[in-house]
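Listed below, chain by chain, are the residues.
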Amino acid sequence: MRAKNTALWNEQAGPIMEAFFSHTLEPMAILDAEFNFIRVNDAYAKIASRESDDFIGENHFDLYPHEENERIFRSVVDNKKPYLALAKPFEHPDQPERGTTYWNWKLFPILDYKGAIKYLVFTLEDVTAETRAKERLKEANEKLEKRARQLQKMSAALSAAEDRERERLSEVLHDDLQQRLVAAKFQINIAASRSNMNEDVAEQLEEAGKLLDGAIKKSRNLSHELCPPVLSQYGLGAAFEWLAVEMGDLYDLTLEVIIGTEAEPDTEEIRSFAFKSVRELVFNAVKHAGVDRVRVNMQRSGEQIQIIVSDEGKGFDVDSVLGGANKGFGLLSMRERLDVLGGSLLIKSSAGEGSEFVICLPGEESNETEREAVS
């Protein structure tokens, strides 16, 4: 029967079909409905390291046992519909040294005039190199993504450590150094109040008192710049109110602060970052926008905290500023830090139209901010 099928194929294929079948570079085999090889071209035989005549009369699944593929072949015979497999893994039982290879293959039936299966045409495409390259690229990307997440978490940890150190230094300045300076000023005032004080000594004490006043003011300003006590004691809303007073005293700027219901972030890390970001944006408005009024509006929107810092100043071209040598007034580092925290920064501005900065922050700490050890 197998020899008869082969002879029938040779008789019916015709010279044109036979020429195409023999010389096409695509591996191709003709099977009967029981999956016996009728004809195999040289390209097909080459991938198996055999001669094409070696296949004639052999059963495909005797040579290449594979339960899943055999089920697929039988479904093609039963349904009389073609099947396409993409990058399907295969291990050669007679060539184990090749390891797992990957193939695109198609099995499609040729029916006789009665609708019965006459032949099965089986074509192959070796995509092992491409598939392995994609797997290596995928593994490399996964490693890069993992490393990026680890670096982000390290950055978050370093930033949190920096915030703690700022707070510690602020407390040292406020609770220790300033108190010592005030005590020194008190002692000088006592000494200067003595009626029998030499005039030259009195002048020197007065000058020392002025120097101490300057040192106390400088220490207080530095303490607030590092970490205003109001932030840790009363929260972000109160810190913005304090900032309004501070910016008014220093730059004659009116800072309008609007705080929505339950808009206070839950974590110290978010509060600290939000305050530093808003302070920087307000300072940028003073320095670059040429305005005497800025608005800060903090609201809660679902699980997010949204802070909008806006002005009606000069405005700027966002793309050119972010790509400039000044790194966008620190906007790039702000955006990168927001990415680590799971937030975002939207900038709306154009020349002469003012500016609006929308900071979106998670309302509570997410699992993404959990620390991981770097492997």
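To start, this report covers the structure provided alongside it. As the structure is a computational prediction, the values presented were derived from the model and not from experiment. (Residues numbered from 1 in each chain as written. Predicted model: local features only at pLDDT ≥ 70, side-chain atom pairs only at ≥ 80, totals over all residues. Heavy atoms only, no water.)

**Remarks on the environment of Y102**
Note the following rule: Elements are defined by DSSP. Helices are runs of H or I of four residues or more, strands are runs of E of two residues or more, and each kind is numbered from the N terminus. Polar contact is defined as a pair of N or O atoms within 3.5 Å, subject to the rule that within protein one atom must be able to donate a hydrogen and the other to accept it, and that residues adjacent in sequence are counted only when both atoms are side-chain atoms.
Tracing the backbone shows Y102 in strand β4 (residues 100-111). In this structure, the C-alpha to C-alpha distance between Y102 and E125, residues 23 residues apart in sequence, is 8.6 Å. Reaching out from Y102, the side chain makes a polar contact with the side chain of E135 at a distance of 3.3 Å.

**Some points on the packing of aromatic side chains**
Put simply, the test is: Any pair of Phe, Tyr and Trp rings, taking the six-membered ring for Trp, is counted once the centres come within 6.5 Å. Such a pair is stacked with planes under 30 degrees apart, edge-to-face with planes over 60 apart, and tilted for the rest. Burial classification: accessible surface area is computed with a 1.4 Å probe over protein chains only, and a residue below 20% of its type maximum counts as buried, one above 50% as exposed, and the rest as partly exposed. For a ring to carry a charge above it, either NZ of a lysine or CZ of an arginine must fall within 6 Å of the ring centroid while also lying within 35 degrees of the normal to the ring plane.
Across all of its chains, the model carries 16 aromatic pairs by this definition. When the centroid spacing of 5.3 Å and the interplanar angle of 70° are considered together, the rings of F73 and F122 count as edge-to-face. One end of the pair, F73, is in helix α4 (residues 67-79); the other, F122, is in strand β5 (residues 117-126), with 49 residues separating them in the sequence. Each of the two residues, F73 as well as F122, counts as buried. Ring centres of F240 and F275 lie 6.4 Å apart, and the angle between their planes is 20°; this geometry places the pair in the stacked category. With F240 in helix α8 (residues 236-251) and F275 in helix α9 (residues 268-289), the pair connects residues that are 35 residues apart, well separated along the chain. Each of the two residues, F240 as well as F275, counts as buried. One aromatic cluster is present, built from ring pairs that chain together F35, F37, Y44, F55, F61, F73, Y83, W105 and F122. Geometry around F55 places R50 over its ring, the cationic atom sitting 4.9 Å from the centre.

**Side note on the pattern of salt bridges**
Operational definition: Salt bridge, as used here: a side-chain nitrogen of Lys or Arg that lies within 4 Å of a carboxyl oxygen of Asp or Glu.
By the definition in use, this model includes six salt bridges. Among the salt bridges present, the one from K88 reaches E68, with a minimum N-O distance of 3.0 Å. Of this pair, K88 sits in strand β3 (residues 83-91) while E68 sits in helix α4, and the two are 20 residues apart along the sequence. A salt bridge links E356 to K348; the nearest nitrogen and oxygen atoms lie 3.6 Å apart. Residue E356 is classed as partly exposed on the basis of its relative accessible area of 26%. With a relative accessible area of 44%, K348 lands in the partly exposed category.

**With respect to a nonpolar patch on the surface**
As a reminder of what qualifies: Only residues above 30% relative accessible area that lack a salt bridge enter a patch, with like-charged residues linked at up to 9 Å and the nonpolar side chains Val, Leu, Ile, Met, Phe, Trp and Tyr linked at up to 5 Å. The accessible surface values rely on the Shrake-Rupley method and a 1.4 Å probe; as for residues, cover is taken only from the protein chains in view.
On the surface, L250, Y251 and F283 cluster together to form a nonpolar patch covering roughly 290 Å² of accessible area. Assignment of secondary structure puts F283 in helix α9.

**Comments concerning a negative patch on the surface**
Just so we agree on the cut-off: This count recognises Lys and Arg as positive and Asp and Glu as negative, with His and chain-terminal groups excluded. Every charge is mapped onto a representative atom, which is NZ of Lys, CZ of Arg, CG of Asp or CD of Glu.
There is a patch of like negative charges on the surface, built from D42, E51, D53, D54, E58 and D62. Take D53: it is sitting in the loop between α2 (42-47) and α3 (60-63).

**Structural notes on the environment of A87**
Our working definition: We call two residues in contact when some of their heavy atoms are within 4.5 Å.
Note on placement: A87 falls in strand β3. Considered as a pair, A87 and N104 are 17 residues apart in the sequence and their alpha carbons are 5.1 Å apart. Every residue in contact with A87, bar those within four places of it in the chain, is listed here: Y102, W103, N104, V127 and T131.

**Some thoughts on the sheet that holds β4**
To be explicit about the condition: We call two strands paired when DSSP finds no fewer than two bridges between them. As a rule, the C-alpha atoms of each element are fitted with a line to give its axis, helices using only the stretch in contact, and angles between N-to-C directions run from 0 to 180 degrees.
Read across the open sheet, the five strands follow the order β2-β1-β5-β4-β3; overall the sheet is antiparallel. Sheet topology places β2 (37-40) and β3 at the edges, where each strand pairs with a single neighbour. Strand-to-strand twist in this sheet, taken as the mean axis angle between neighbours without regard to direction, amounts to 25°. Examined bridge by bridge, strand β1 (residues 28-31) and β5 share four bridges and lie antiparallel to one another. Its bridge partner lying in β5, A29 is registered against F122.

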